[in-house]
Every structure is written in structure tokens, then in C-alpha cells.
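In case you want the letters, here they are:
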Amino acid sequence: MKALKQVLGGNLQQYTMALALVLLAVVFDVVSGGRMLTSSNFQNLISGNAYVLILAIGMVMVIVIGQIDLSVGSVAGFVGMTTAITTATYGFPWWAGILAGLLAGVVIGAWHGFWLAKVGIPGFITTLAGMMIFRGLVIWMSQSISVPVPSEYKFFGAGYLPEWGPSFTGLNNSTLLLGILAAAWFIWSELKRRAHALERGAEAPMWATIVRIALIVAVIGYVTWLFGSGRPGTSFPIPGVILVILVIIYHVLTQRTRFGRHIYAVGGNKAAAALSGVNTARTYFLVMLNMSFLAAIAGILFVGRATAAGPSDGTMWELDAIAAVFIGGAAVSGGIGTVIGSMIGGLVMAVLNSGLMLMGVGADQTQVIKGLVLLAAVAFDVYNKQQGRPSLIGTLMRQFRSEPTAVAPVTGTTPEPAAVDGGPVVDAADTLPVTQSK
């Protein structure tokens, strides 16, 4: 058990969730007769769910600060319709339509942030009003009919990485290069993390690092082959590339920057964060602005894939994004959640949708199953976090823990940097989220 813990490198929650995702995909592949783990299915899975995963990136930040955004689907639909009307009705070039849509998303986010941060209206009410306002505007602007978008939009919503040069491996060269870069980055990051662990005097055996690198690189290699060996003209989807770029940016933003630490501080204990110098109003404002900006990107990708903007675009998207965040390990009370965890949660929902569809399960039954999965995941975590019980991941992995958890004494001295569950290492010099009120 200790050896397995060393191989996982301490990221028990992250790797356990990823393992559950892999097992779910394998089970569906076996049950569906090998139709799950195919190039075409996974290409469609990424392209068809990229907009929900992008929404989940912003939604996890909103939920971490203890708020909720019910308007993201309506905002995405409004932005998609705005870009379509800008180009189709007023004759602007396609890039101007995209800029108009992104600008609309920023303005809407500032609107929501103003009511939350400056006026003090809770995010639930603010975005509920926004959901009704922008859903009505979409229907009014479109006159209840679909509006086509320029053909250039299809590249962003349903395009693939291009082919170039001779293919000696039988794989798409762009996809192969992307896989090589991903493997190289992971190897470099693991070796760097081991070096930092040794500098701190922590135990980091080389064999465990090598095994972990070999396992993850093998997974990256298989995924590269899966996307790069499809029918001619296909490869890794452009929406997936955009998603990967956003995941990297927001993972660094939330885990490695002062603003990211402020987000977790405000969600963990708003009063303590304010007393330690965090501008809570600005944090609320920027998080809500960012959420609508990402909703704008999601809306543009969707209309590019659909080749038209419709009056019903974005309906119920907010529920899928919220479900992805909570399945990915976010806490209902705020203060806990990660971008990577939300991506895994979103992929779990996407694989569940795809697998049930391949098995011939109807949309009505699929909704029931998804609802039960969400309810079970959140209810189990909420129950086990009461009265000091371990979380779901803690229950599954407690046998790997050989050292007791140290409890910092309550003194007047400044505590050592503490890792917030599901968040980055937080330094008390920046924030004071050590004590979280749930």
C-alpha cells in the first residue's frame, strides 16, 4: 500500500478520479461491443462536450467562492446569436462577429459582478435574473428562427488539427506532435516536482517517479493513437485544443497565483479573508466576469459546430456544468474544487452520456441515471464530511495513510502554509483561509 501511495505521488484524489473515468470507459466499451473506445466516438465526444467543459472551468471558480451562476447557458446562447446576427444581418466579417460575442460576454459578466460585488445581491438571484433576461433576448433577437454563421466558424467548433508532412507512423502528424509535447511536459514536471520534494527533505524514490511517468506516458500515447489514427481528414479536434489551452491557463491561475489563492480564501472564510487584506468585492466581480467570458467562448464554439445559432441554444447547459464541478470534487459550501477535478467530472458525464447512448438507453432514462449519479456523489461527500468523517476519496484511500494529520495549535503566531482541501497551498501572508466555516 505504501508503494502505491508513493507511485501516486500524494495526488490520491486526482488519480483516483482519473482511474474511475478510465474504468467507466472500459466498462462501456466492453458492454457496447467495442464501440466506445474508437477514434470517431472520442473525437465526437470531445467536440460535442467542449462547450460544457469550458463552462465547468469558470463554474468551479464561481462555486469555490460560494456562489452559483444559473445564467451561463442563456449567456452562451445570447452570445452565439449576437455573433450570428452581427455577421449575417449586418455583414461584418467573421472575426468581428467573434470579437462582438466576446465583448458581449465581458459586459454581461461585469453586469453580474456589479450586482453581486457592489450591490450585494447573492449570485443565485443575480444570475437567475440574468438567465431569464438573456433567454428572452435570444428569442426576441432571433424572432424564434435560426440564424446561420460564416463557414469560418466551423473550424473552431468542429475542425481538426491539420495534416502536414509524410506520415511514417500512420498517425496525424499534428496529433502526434501534440502527444509528444504532452508527454515531454509531464516528464519534465514530474522530475521538477521530485527535485523540489528532495530539497524539502521529503521522501521521493526514483523508482516511484519512473513508474508514475511510465503509466501516464502510456495513457498519453494511447490517447494520441486514438485521436491520430481516425479516418482521413480527422485528428484531435480544434475545440479540444482550445479546451486544453484554457485548462492550462486556469490551472496555473487558480493554483499558482495570488488571485487564485484569494478565490479559495474568500470561499473558505470570507470574513477571515477580508481581515487579512483580500479585496472580496473585487474577487467576486472578476470571478463573475470571467464566468460570462468563458460562456461566450462556449457559445461561439457551439454555433460553429452547429453552423447556426438557434433560439434554444444553451438551454440547461448550466446544470451540466454544475454537475461536472460537483462530481469533480467541489464542495457545496465553497472553498474546495479544482479545474482538473472539474474536467474529470465533466468527462465522466460525457462518457456516461456516450456509453448509455451506445447501449440504446433513451434520453429520459439517461437523465434519470445522471441525476442519480450526481445526487449520490454529492450526498456521500456531504455525509462523510460531517462530524469530522473523511471525504469520499478519504474513505477509499484511508488505508494508504500511514501518518496522522497534524493539527496546528491555536496561537497568536502565523501558521505555516496550509493546503486547502481541493485547492492550492495557501500562505497566510496572502490570505487567511486556514479555518473554513462550512
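Residues numbered from 1 in each chain as written. Predicted model: local features only at pLDDT ≥ 70, side-chain atom pairs only at ≥ 80, totals over all residues. Heavy atoms only, no water.

Enquirer: Can you break down the overall build of the protein chain residue by residue, with the values?
Expert: The helix and strand inventory of the protein chain stands at 17 helices and four strands. The 438 residues of the protein chain split such that 47% are buried. Relative to all contacts within the protein chain whose residues are 6 or more apart in sequence, the contacts with residues 24 or more apart total 77%. Per element, the accessible surface of the protein chain, about 21100 Å² overall, is 69% carbon and sulfur. (Helix = DSSP H or I, 4+ residues; strand = E, 2+ residues; numbered from the N terminus. Buried < 20%, exposed > 50% of the residue type's maximum accessible area, 1.4 Å probe, protein only. Contact = heavy atoms within 4.5 Å. Areas by Shrake-Rupley, 256 points an atom, 1.4 Å probe, with all protein chains shown as cover.)

Enquirer: Account for the confidence of the model for the protein chain, naming residues and giving values.
Expert: Per-chain confidence: the protein chain averages 84 in pLDDT, with 83% of residues scoring 70 or above. Element-level pLDDT for the protein chain is lowest in strand S3 (residues 418-419), with a mean of 44, against a maximum mean of 96 in helix H13 (residues 280-306). Contacts for the low-pLDDT stretch residues 399-422, under 50 throughout, to residues beyond four places or in other chains number 29 contacts. (pLDDT = per-residue confidence, 0-100.)

Enquirer: Any chance you could break down the environment of Thr257 for me, citing the residues and the numbers?
Expert: Its location among the elements puts Thr257 in the loop between helix H10 (238-256) and helix H11 (258-268). A polar contact is formed between the side chain of Thr257 and the backbone oxygen of Leu253, at a distance of 2.3 Å. Here the side chain of Thr257 touches Gly260 through a polar contact of 3.2 Å, landing on its backbone nitrogen. (Polar contact = N/O pair within 3.5 Å; in protein donor to acceptor, adjacent residues only side chain to side chain.)

Enquirer: Just give me the short version of the pattern of salt bridges, but keep the residues and values in it.
Expert: Counted according to the given criterion, the structure contains three salt bridges. Among the ionic pairs, Arg193 bridges to Glu190, the shortest N-O distance being 2.9 Å. Of this pair, Arg193 and Glu190 both sit in helix H8 (residues 173-199), three residues apart, which is roughly one turn of that helix. Residue Arg193 is classed as partly exposed on the basis of its relative accessible area of 29%. A salt bridge links Asp320 to Lys370; its shortest N-O distance comes to 3.6 Å. Here Lys370 lies in helix H16 (residues 363-384) and Asp320 lies in helix H14 (residues 317-327), a separation of 50 residues in the sequence. Overall, Asp320 belongs to the partly exposed group, its relative accessible area being 27%. (Salt bridge = Lys/Arg side-chain N within 4 Å of Asp/Glu carboxyl O.)

Enquirer: Any chance you could break down helix H4 (residues 72-88) for me, citing the residues and the numbers?
Expert: In this model H4 runs 24 Å from its N-terminal to its C-terminal C-alpha over 17 residues, within 8% of the 24 Å that 1.5 Å per residue would give. In terms of burial, H4 is largely enclosed, as 16 of its 17 residues are buried. (Expected span 1.5 Å × (residues − 1).)

Enquirer: Quick rundown of unusual backbone geometry? Include the residues and the values.
Expert: Keep in mind that most residues, glycine aside, have a negative phi and that most peptide bonds are trans. Phi at Gln143 is positive, roughly 55°, even though this residue is not glycine. What makes Gln143 exposed here is its relative accessible area of 56%.

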